[in-house]
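Fold and geometry: a report
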Amino acid sequence: MTAVRISPRSSARQGSKSLRTALVTGVLGQDGAYLAKTLLDEGYRVIGGIRRTSSVNPWRLEELGIRDHVDLVPLDLLEQSNVQRTIGRIRPDLLFNLAAQSFVGTAFEEPVYTTMVDGVAVLYLLEAIRSHAPETRFYQASTSEMFGKAVVVPQTEDTPFHPRSPYGVAKVYGHWITVNYREAHGLHASSGLLFNHESPLRGIDFVTRKITHGLARIRCGLQDRLELGNLEARRDWGHAADYVRAMYAMTQRPAGSTYVVATGADHSVRDFLALALQASDIEVRWEGEGRDERCLDAATGRPLVTINPRFYRPAEVDRLVGDSSRAKRDLGWQPTIGFPALVEEMVRADYDRVRRSVDA
Ligand code: NAP
Ligand code: GDD
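Residues numbered from 1 in each chain as written. Chains lettered and ligands numbered in written order. Predicted model: local features only at pLDDT ≥ 70, side-chain atom pairs only at ≥ 80, totals over all residues. Heavy atoms only, no water.

Okay, the site of ligand 1 next. In the region of ligand 1, 25 residues are neighbours, and Asp31, Arg51, Ser102, Tyr167 and Lys171 sit closest. At a separation of 3.1 Å, an oxygen atom of ligand 1 approaches a polar backbone atom of Gly29. If ligand 1 stood free it would expose 900 Å²; the protein chains cover 88% of that surface. Residue assignment for the shell around ligand 1 shows that the elements contributing at least two residues are α2 (30–41), α6 (111–132), β5 (137–143) and α7 (166–185). Of all the elements, β5 adds the most residues to the shell around ligand 1, at 3 residues. The residue inventory of the shell around ligand 1, partitioned by class, reads 12 nonpolar, 8 polar and 5 charged. (Near = heavy atom within 4 Å. Polar contact = N/O pair within 3.5 Å; in protein donor to acceptor, adjacent residues only side chain to side chain. Areas by Shrake-Rupley, 256 points an atom, 1.4 Å probe, with all protein chains shown as cover. Helix = DSSP H or I, 4+ residues; strand = E, 2+ residues; numbered from the N terminus. Nonpolar A, V, L, I, M, F, W, Y, C, P; charged D, E, K, R; others polar.)

Laid out in structure tokens, this is it:
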């Protein structure tokens, strides 16, 4: 795979050669796409790091209409020599590390790989910055999963970590090594403790998108039912488009720091499902209890949602809810899209996509 060169369209949008440059690892993921759009809007040249694959799939950049405005470079975080060369060559003004094995369920099956990408590779990036680009401002994508079995609700920057998955443990390392390089080497390095954020661009394995995509397929007759795990798990769900603004704002402060980014309100998976069913115009009734509970189509009695223990986690994070007072105060950040609007947007987007594919 060769680097995709800056295209005439992207040059036109950027307008000048003296643009500030932002490098985004994991640019093809949910946050990468929204962040790339934010950075382009802020006037940056955006270079996106991607890992090698036989077929690059930039569908999220296409959905946001920015595919031709982002330069893609090969940047697998596990190839340290390439990380060094790429950062040394680009010497970006801003570097956002969003690349990760980000699915908590998979982390239990692939703990070593997850630890390397989500933990050790953060050190590769910081070392490259220290050696080749000490003026680069760094953002590390940390996570509420690091709080895990939190005894304090809501969680703040001072809440102790108790991660409950290899993913959370690896991210704790990524967080502390970022803090360490800030303190020991004076880098402008920030860590965002971001709570769950979703959107129509969310990966299909995560519970919110699994629900909205599954219901769209059920409505279009492509799927009979949806199998879920723990309906009582609670999360503080915001919208990714809001959260990437906080990432950018952290890099614009005089010094790097750590910030919680969250809405401050939590909801259960059951709440999300109920709103999604409502937005899909599907009337249901529930029967049974615990793992035998089922959600039936009120009109036909057909099971629409059943419980499959396969989707339970070996160790669960029961209640994550964040207090982002510090981000509000220092970054002037606050969420603009509420929970019902988020669910409705995801339901509508998935229904439109599935409908289009059926009609095609
Ligand atoms: P995502 O959609 O899963 O995107 C992750 C990206 O990382 C993907 O594009 C993936 O590449 C890339 N990647 C994986 N392994 C890589 C490697 N070895 N080298 C280079 N790239 C690699 O995740 P997201 O939701 O956008 O999240 C962005 C970041 O924020 C992640 O670090 C995540 O852990 C963290 N975070 C997310 C949330 C949330 O609720 N979304 C909350 C807190 C923190 P492919 O496209 O090739 O798969
Ligand atoms: N994925 C999934 N699938 N989760 C389910 C299901 C199911 O069928 N049924 C219930 N759940 C519950 C999980 O047990 C979990 O408690 C909750 O739904 C949310 O799961 P995910 O959507 O997979 O997200 P997550 O909270 O584990 O992780 C996401 O948020 C983290 C921030 O707290 C990811 O984006 C991580 O990368 C991120 O760090």
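Past the structure itself, the notes keep going.
Let us look at the pairing of strand β13 (residues 284–287). Examined bridge by bridge, β13 and strand β14 (residues 294–297) share 4 bridges and lie antiparallel to one another. Counterpart to Glu287 in the pairing with β14 is Arg294. Taking the residues that link successive antiparallel strands as the turn, the β13-β14 hairpin has 6 residues, and the phi of Gly288 there is positive, at about 80°. (Pairing = 2+ DSSP bridges.)

As a further point, take the site of ligand 2. Around ligand 2 sit 24 residues in total, of which Ser102, Thr143, Ser144, Tyr167 and Glu316 are the nearest. Contact distances for ligand 2 include 2.6 Å between an oxygen atom and a side-chain N or O atom of Thr143. Val207 has a polar backbone atom sitting 2.8 Å from an oxygen atom of ligand 2. For ligand 2, whose free accessible area comes to 720 Å², the fraction covered by protein is 96%. The set of elements that each furnish at least two residues to the shell around ligand 2 consists of α8 (207–219) and β8 (226–228).

Here we take up the confidence of the model for the chain. On average, residues of the chain score 94 in pLDDT, and 95% of them reach the 70 mark or higher. For residues 1–17, every residue scores under 50 in pLDDT, and the model assigns this stretch 33 contacts once sequence neighbours within four places are set aside. (pLDDT = per-residue confidence, 0-100. Contact = heavy atoms within 4.5 Å.)

Between its terminal C-alpha atoms α6 stretches 31 Å, which fits the 32 Å expected from 22 residues at 1.5 Å a residue. Of all the positions in α6, only Thr114, Val117, Asp118, Gly119, Ala121, Val122, Tyr124, Leu125, Leu126, Glu127, Ala128 and Ile129 are classed as buried. On the buried face of α6, the contacting elements are α4 (80–90), β4 (94–97), α5 (104–109), β5 and α7. (Expected span 1.5 Å × (residues − 1). Buried < 20%, exposed > 50% of the residue type's maximum accessible area, 1.4 Å probe, protein only.)

Once that is clear, we can look at the sheet that holds strand β15 (residues 303–307). In a beta sheet, neighbouring strands are held together by backbone hydrogen bonds and run either parallel or antiparallel to one another. Taken in spatial order, the 4 strands make up an open sheet running β8-β15-β14-β13, and their pairing is mixed. At either margin of the open sheet sits one strand with a lone partner, and together these are β8 and β13. Ignoring which end each strand starts from, the neighbouring axes of this sheet average 20° apart. With 3 bridges connecting them, β8 and β15 associate as parallel partners. Considered in β15, the bridge of Leu226 is made with Val305. Sheet contacts for α8: β8 and β15; angle to β8, the most-contacted strand, approximately 160°. The sheet strands contacting helix α10 (residues 269–279) are β8, β13, β14 and β15, and the helix crosses β13 at an angle near 150°. (Axes fitted to C-alpha atoms, helices over the stretch in contact; angles between N-to-C directions.)

Further remarks concern α10. Given 3.6 residues per helical turn, the α-helix brings residues three or four places apart onto the same face. Turning to α10, its buried residues number three or more, namely Val269, Phe272, Leu273, Ala276 and Leu277. For α10, the angular spread of buried residues about the axis comes to 130°, placing them on one side. Asp281 sits one or two positions beyond α10 and adopts a positive phi of about 60°. (Arc of directions from axis to C-beta.)

Take empty space enclosed by the protein next. Taking a probe equal in size to a water molecule and rolling it over the atoms shows the remaining empty space. Per the counting criterion, the structure on display carries 1 cavity of 30 Å³ or more. Taken as a whole, the largest cavity encloses approximately 40 Å³ of empty space. Lining the largest cavity, in full, are Val104, Phe108, Glu145, Arg164, Ser165, Arg235, Arg313, Ala315, Glu316 and Val317. Looking at the lining of the largest cavity residue by residue, the class counts come to 4 nonpolar, 1 polar and 5 charged. (1 Å grid on protein atoms, 1.4 Å probe; cavity = no way out; pocket = protein on both sides within 12 Å on 5 of 7 lines; lining within 4 Å. Points joined across faces, edges and corners; volume = space filled by probe spheres on them.)

This part takes up the pairing of strand β3 (residues 70–74). Counting buried positions along β3 gives 4 out of 5 residues, so the element sits mostly inside the fold. Summarising the sheet, strand β2 (residues 45–50) and β3 pair through 5 bridges and their orientation is parallel. Among the inter-strand pairings, Gly49 is bridged to a residue of β3, identified as Val73.

All right, on to the nonpolar core then. The biggest cluster of nonpolar side chains holds 37 residues, and the ones touching the most others in it are Leu39, Val70 and Phe96. No other element matches the 8 residues that helix α9 (residues 240–251) contributes to this core. (Core = buried A, V, L, I, M, F, W, Y, C linked by side-chain atoms within 4.5 Å.)

All right, on to the environment of Ser102 then. On the secondary structure map, Ser102 appears in the loop between β4 and α5. Residue classification places Ser102 among the partly exposed residues on the basis of a relative accessible area of 34%. For Ser102, the contacting residues outside a window of four places in its chain are Tyr167 and Phe206.

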